[in-house]
Amino acid sequence: MLPITGYADRYSVAPGQSIAFKVSSTAPEDYEARLVRVVCGDPNPAGPGIREHPVEAAFAGRYPSRVQPIHNGSWARVAAAAPLDALESFTVTATIWPTLPGLSRRQGLVSRVDDATGAGFALEIGETGSLAATLSDGTGTVVLDTGKALRARAWYRVFLAFDAGAGEVRVGQLAMAPAMTVDDSGSATAAATFEGGCAGSGDLVFAARAGSPPGDHYNGKLEAPRIVAAALDPDAAFRVAGEEPGAGSVADLLAAWDFSREMSSARILDTGPHAMHGETVNLPARAMKGSGWTGEEMCWRHAPDQYAAIHFHDDDLYDCLWETDFSFEVPEDFRSGVYAVRLRSGDDEDMIPFFVRAAPGRAQSSACVLIPAFTYTVYANFARGNVDDAYRGQVARWGARPWTPDEHPEYGISTYNRHSDGSGVAYSSRLRPILNQRSGYCAYADPLGGSCLRHFPADTHLLAWLDALGHEFDVITDEDLEADGVGAIARYKVVMTGSHPEYHTPGSLDALAGYTERGGRLMYLGGNGFYWRVAVNAALPGAVEIRRGETGIRAWAAEPGEYYNAFDGGYGGLWRNSGRAPQRLAGVGFIAQGDFHGTAYPRLPPPPRPCPAPASRRPPPPRAPRAAWIFEGIDDDEPLGDFGLSGGGAAGFELDWLDPSLGSPPHALVLARSQQQDDTFMLVPEEMLNHYVNRPGLPTRDLIRSEIVFFETPNGGAVFSVGSITFCGSLPHNGFDNNISRMLDNVLRRFRSD
Ligand SMILES: [Fe+2]
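Note on numbering: residues in each chain are counted from 1, in written sequence order. Predicted model: local features are reported for residues with pLDDT of at least 70 only, side-chain atom pairs are reported and counted for 80 or more only, and whole-chain, interface and lining totals are derived from all residues. Values reported for side chains reflect all heavy atoms of the structure, with hydrogen atoms and water molecules removed beforehand.

Enquirer: Looking at this structure, how should I read the overall build of the protein chain?
Expert: Under the DSSP-based scheme used, a helix requires at least four consecutive residues in state H or I and a strand at least two consecutive residues in state E, with every element numbered from the N terminus. Looking only at helices and strands, the protein chain has nine helices and 40 strands in total. What you see for the protein chain is a C-alpha radius of gyration of 28 Å, in line with the 27 Å of a compact globule of 754 residues. Along the first, second and third principal axes, the C-alpha set of the protein chain runs to 95 × 65 × 50 Å. Each residue's exposure class comes from its accessible area (1.4 Å probe, protein chains only) as a fraction of the maximum for that residue type: buried when under 20%, exposed when over 50%, partly exposed otherwise. A buried classification covers 62% of the 754 residues belonging to the protein chain. Taking the intrachain contacts of the protein chain between residues at least 6 apart in sequence as the baseline, contacts between residues at least 24 apart amount to 75%. Note that His is not counted, nor are the chain ends; the positive residues are Lys and Arg, and the negative ones are Asp and Glu. A single reference atom marks each charge: NZ on Lys, CZ on Arg, CG on Asp, CD on Glu. The positive charge centre, built from 64 side chains, and the negative charge centre, built from 92, are 7 Å apart in the protein chain. As a reference, a globule follows 2.2 Å times the number of residues to the power 0.38, and the radius of gyration itself is taken over C-alpha atoms. Any two residues having at least one pair of non-hydrogen atoms within 4.5 Å are treated as being in contact.

See the structure below:
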């Protein structure tokens, strides 16, 4: 664990509200907490450096250090399991799809154990990868195993039966689609004479072995666990496991959990006579294809019974559930902005960023920076696998943050990673320490001396620029847009994004679209924005769900049939596949990606094209007088942004272009266009049709570009988009005196005027 770290219960807080901080410190002495306003989070000595202003706060002071634990791994709990207490003979059945059956450790499927005596039962996958069980009355223990290795990613009916009268325990597994030449169905029997009962007490646990806390987490899908108050033989047990939910034909049925009910929530429902409902812990994946998925339905809302499985992982993490150390009661007159709590014990330090918005309806400025909280959460603790000597050298030279998600998986991974079983991570949460959303954190090493910041620290280039040029601004998060709609930003003349506002919910995108339609002015200052459709759920605050659906630049691919979000039932994946390509809002949308390198934008019009462009890509008009004000103070032939802390140029890494066929307004002006020379850049897969034809039907080199676009919207609104992730990295160049800074200043001044 880090020597000192923590998180807050929220990202966004308004004056008059309270935000609670949870800290874990391994130091023997007290730690210190203080409040700062964040100006710049770039540790690169070639830039402004880390800049913060101290701010007085009542909570500032010293607090006792304590280590707060993290319990990774998802599971489910039925606390109301008392109807099981008096069980003598019983049978537990389930349907499973194990993903790591050969883990060399046990993996609990269904278990219940008395913490004090050890009496209880566990249906599990054994160390050798076959179905197994452990039963105990607290004095004697019986362990048995089918001896038949389970195949990964194959469906099985499984059971455990205890026959108190016969003094016998049985386990069995039945492959639902047997594979030729593989012997993986069978059962085993052992003598088991217990003085006391072996039904356990306390919580019934799914997908882990009961304990405090539960351990031996399962990796794989679990469907329809059931309990019968009788000892069944294998045939009967497999029949019960495969019964349709609610068929009602099972004698002595005690409980039958149907995970296809309330799939958007953490609840699990028991359709049996005792209604032993429970809850999932640490966000296992729901709305997952079950054993009955036919391939005829792709949406779980249309055939919930085909999505009755939950996929559990031993590295899921939702909420660390740490105790609160202190809270910040934000004063009524507090200035909106980006803040952080600075923590220190001895030489060890951490910071917890948070965002103070203006009180609803009481804007403090005419301009507002939109913090991409969903994107920060989706990327939270992204282990990039690039911590090598070059990275360490850069960290040491710059005094950058030494803590990386690669070396600290205990804080959970990101939706850019895969679970230990190879499946994609579909949920992320901010209710845990987030190592990469910190000032001083470098995403990469750059041999050329570039900063290589992403997300929170990268967005501080914009904050530092606003500070340097004396532009006042409020901040708000996209969580606020989701909660409050367009009303959250309606009072601002200008809303500015940071470098990468990639992930949006229907609510946050609606708010931005509504804002530009009613006269708001949007400055989209990044690349690959408004790209993925994500979902949130009010019952699971701080969590974001992403299904990496049919196409897009993806860290992993969702399984076919699992493209619909569990949280809101929406069709996950790219917004353009839901009819809302980024071009509709911003004029530009994702077209190409390469290494973290940037170049300049030459202004348009360019030299004539060598080949005729299709009608949708007609050459733009001569330099439009309508937009001349944007370039005031900039020479006509100056390349824009051939410098910068991010990749060495303003147009780089992830690039957007105008595309009328995807919704760019017909009157949108392309003011400048980069031309990437770097062969690491590739077209996004959603534009590729086959190995030599792309969708626009242009030479691929003409698609590897970023475009600066301007257009007006109704009621006096306007949109200015730069279409590049590295753009804001050019703002600090030459003491903030450069043509990117000048252009942005022209736009912001005009946009915030009447
Ligand atoms: Fe991204």
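This is not the end of the story, as more comes after the structure.
Enquirer: How should I be thinking about the coordination of the iron ion in this particular structure?
Expert: Around a metal, the idealised angle for a tetrahedral arrangement of four donor atoms is 109.5 degrees; for an octahedral arrangement of six donor atoms it is 90 or 180 degrees. Each metal's donors are the N, O and S atoms found within 2.8 Å of it, except that Na, K and Ca use a 3.2 Å limit; water is left out, so coordination can look incomplete. Around the iron ion, the protein contributes the donor atoms Tyr379 (OH), His500 (NE2) and Glu502 (OE), which lie 1.9 to 2.1 Å from the metal centre. Read in sequence order, the donor residues for the iron ion give the motif Y-x120-H-x1-E. Of this pair, Tyr379 sits in the loop between helix H2 (373–378) and helix H3 (389–398) while Glu502 sits in the loop between strand S29 (494–497) and strand S30 (503–504), and the two are 123 residues apart along the sequence. On the basis of relative accessible area, Tyr379 is assigned to the buried category, the value being 3%.

Enquirer: Explain the nonpolar core to me, please; I cannot follow it from the model alone.
Expert: In globular proteins that are soluble, nonpolar side chains generally tend to be buried together. As used in this record, nonpolar core signifies buried Ala, Val, Leu, Ile, Met, Phe, Trp, Tyr and Cys residues forming a set joined through side-chain atoms within 4.5 Å. Counting residues in each nonpolar core, the largest one holds 57 residues, and the members touching the most others are Leu462, Met496, Leu525, Ile630, Phe720, Phe727 and Met743. Excluding its chain neighbours within four sequence positions, the residues that come into contact with Leu525 are Leu462, Met496, Thr497, Gly498, Ser499, Phe720, Val722, Ser724, Phe727, Cys728 and Leu744. Grouped together as the second largest cluster of nonpolar side chains are 48 residues, Leu123, Val142, Ala192 and Leu222 included.

Enquirer: Honestly, the packing of helix H4 (residues 456–468) against helix H9 (residues 739–751) in this entry has me stumped. Any pointers?
Expert: Two packed helices can be described by the angle between their axes and the distance between those axes. Only the stretch in contact is used when fitting a helix axis, every axis being a line fitted to C-alpha atoms; angles between N-to-C directions are given from 0 to 180 degrees. In the contact formed by H4 and H9, the axes pass within 12 Å of each other and the chain directions differ by 70 degrees. It follows from the interaxial angle that H4 and H9 lie roughly perpendicular. On H9, the residues that touch Leu462, Trp465 and Leu466 of H4 are Ser741, Leu744, Asp745 and Leu748. Residues belonging to the contact of H4 with H9 are distributed by class as follows: five nonpolar, one polar and one charged. Oblique is the label for any angle not under 35 degrees, not over 145, and not in the 65 to 115 range, which are roughly parallel, roughly antiparallel and roughly perpendicular in turn. Basically, the charged four are Asp, Glu, Lys and Arg, the nonpolar ten are Ala, Val, Leu, Ile, Met, Phe, Trp, Tyr, Cys and Pro, and anything else, Gly included, counts as polar.

Enquirer: Can you walk me through the sheet that holds strand S37 (residues 669–673) in this structure?
Expert: The strands that make up a sheet are held in pairs by hydrogen bonds between backbone atoms, and each pair lies either parallel or antiparallel. Sheet architecture is open: seven strands sit in the order S28-S26-S29-S31-S40-S39-S37, paired in mixed fashion. Of all strands in the sheet, those with a lone pairing partner are strand S28 (474–477) and S37, marking the two edges. Here the strands of the sheet are splayed against their neighbours by 20 degrees on average, with no regard to which way each runs. Think of it this way: DSSP has to see at least two bridges between two strands before they count as a pair. Looking at chain direction, S29 and strand S31 (residues 521–524) are connected through three bridges and run parallel. Residue pairing across strands places Val495 opposite Leu522, the latter belonging to S31. Sheet strands in contact with H9 are strand S26 (367–371), S29, S31, strand S39 (707–713) and strand S40 (717–721), and its direction is about 160 degrees off that of S31.

Enquirer: Would you take a moment to explain the side chain of Ser451 for this structure?
Expert: Among the structural elements, Ser451 can be located in the loop between strand S27 (427–429) and H4. The exposure class assigned to Ser451 is buried, which follows from its relative accessible area of 0%. In terms of polar contacts, Ser451 uses its side chain to reach the side chain of Asp42, at 2.6 Å. Contact partners of Ser451, with chain neighbours within four places excluded, come to Asp42, Asn44, Gln394, Trp398, Cys442, His461 and Leu645. Polar contacts, as counted here, are pairs of nitrogen or oxygen atoms within 3.5 Å of one another; within protein the pair requires one atom able to donate a hydrogen and one able to accept it, and residues that are adjacent in sequence qualify only if both atoms are side-chain atoms.

Enquirer: I tried to follow the sheet that holds strand S1 (residues 4–8) on my own but got confused; where do I start?
Expert: The three strands lie next to each other as S1-S3-S23, forming an open sheet whose pairing is antiparallel. The open sheet terminates on both sides in strands that have one partner only, identified here as S1 and strand S23 (326–329). On average, each strand axis in the sheet is tilted by 25 degrees relative to the strand beside it, whichever way the strands run. As paired strands, S1 and strand S3 (residues 18–25) are joined by five bridges and run antiparallel to one another. Bridged to Thr5 within S3 is Ser24.

Enquirer: Explanation requested: the state of the cysteines in the structure shown.
Expert: Disulfide: a covalent bond connecting the sulfur atoms of a pair of cysteines. Any cysteine sulfur atom paired with another within 2.5 Å is treated as part of a disulfide. Scanning the model with the defined rule gives zero disulfides in all. Cys452 takes part in no disulfide bond, and the closest cysteine sulfur, belonging to Cys442, lies 7.2 Å away. Take Cys452: its relative accessible area is 2%, and that puts it in the buried class.

Enquirer: Can you walk me through the side chain of Ser429 in this structure?
Expert: By the element assignment, Ser429 lies in strand S27. Its relative accessible area of 0% is what places Ser429 among the buried residues. Within the structure, Ser429 has its side chain in polar contact with the backbone nitrogen of Leu431 (distance 2.9 Å). Residues within four places of Ser429 in sequence aside, it is in contact with Tyr318, Thr377, Ala380, Ile434, Gly542 and Ala543.

Enquirer: How do you make sense of the packing of aromatic side chains when you look at a structure like this?
Expert: Each aromatic ring pair is described using two quantities: the centre-to-centre distance and the angle formed by the ring planes. A pair of Phe, Tyr and Trp rings is counted when the ring centres sit within 6.5 Å of each other, with Trp represented by its six-membered ring. The angle between the planes then sorts it: under 30 degrees is stacked, over 60 is edge-to-face, the rest tilted. The full count for this structure, using the stated rule, is 41 aromatic pairs. An angle of 65 degrees between the planes, with centres 5.4 Å apart, marks the rings of Phe21 and Phe354 as edge-to-face. Within this pair, whereas Phe21 is found in strand S3, its partner Phe354 is found in strand S25 (residues 348–356), the two being separated by 333 residues in sequence. Note on Phe21: relative accessible area 0%, which makes it buried. Ring geometry for Trp629 versus Phe710: centroids 5.7 Å apart, planes at 85 degrees, classification edge-to-face. On the criterion of sequence distance, the pair formed by Trp629 in the loop between strand S35 (588–599) and strand S36 (651–658) and Phe710 in strand S39 is long-range, its members being 81 residues apart. Judged by its relative accessible area of 12%, Trp629 is buried. Look at Phe710 and you get buried, because its relative accessible area is 4%. Each member of the aromatic cluster is reached from another via a ring pair, and the members are Phe21, Tyr31, Phe59, Tyr63, Phe326, Phe328, Phe334, Tyr339 and Phe354. In this structure, Lys221 packs its charged tip against the face of Trp97, placed 4.5 Å from the ring centre. Should the NZ of a Lys or the CZ of an Arg lie within 6 Å of a ring centre and within 35 degrees of the ring normal, that charge is described as sitting over the ring.

Enquirer: Where do I start with the pairing of S39 in this structure?
Expert: Looking along a regular strand, one sees side chains alternate from face to face of the sheet. When you tally the buried positions in S39, you get six out of seven residues, the bulk of the element. Strand direction decides the pairing type here: S37 and S39, joined by four bridges, are antiparallel. Each residue of the ladder has a partner; that of Val670, found in S39, is Val709. Pairing of S39 with S40 involves five bridges; the strand directions are antiparallel. Residue Glu712 lies in a different strand from S40, and its bridge partner there is Ala718. Where S39 folds back onto S40 in an antiparallel hairpin, the turn is made up of three residues, including Asn715, whose phi is positive at roughly 65 degrees.

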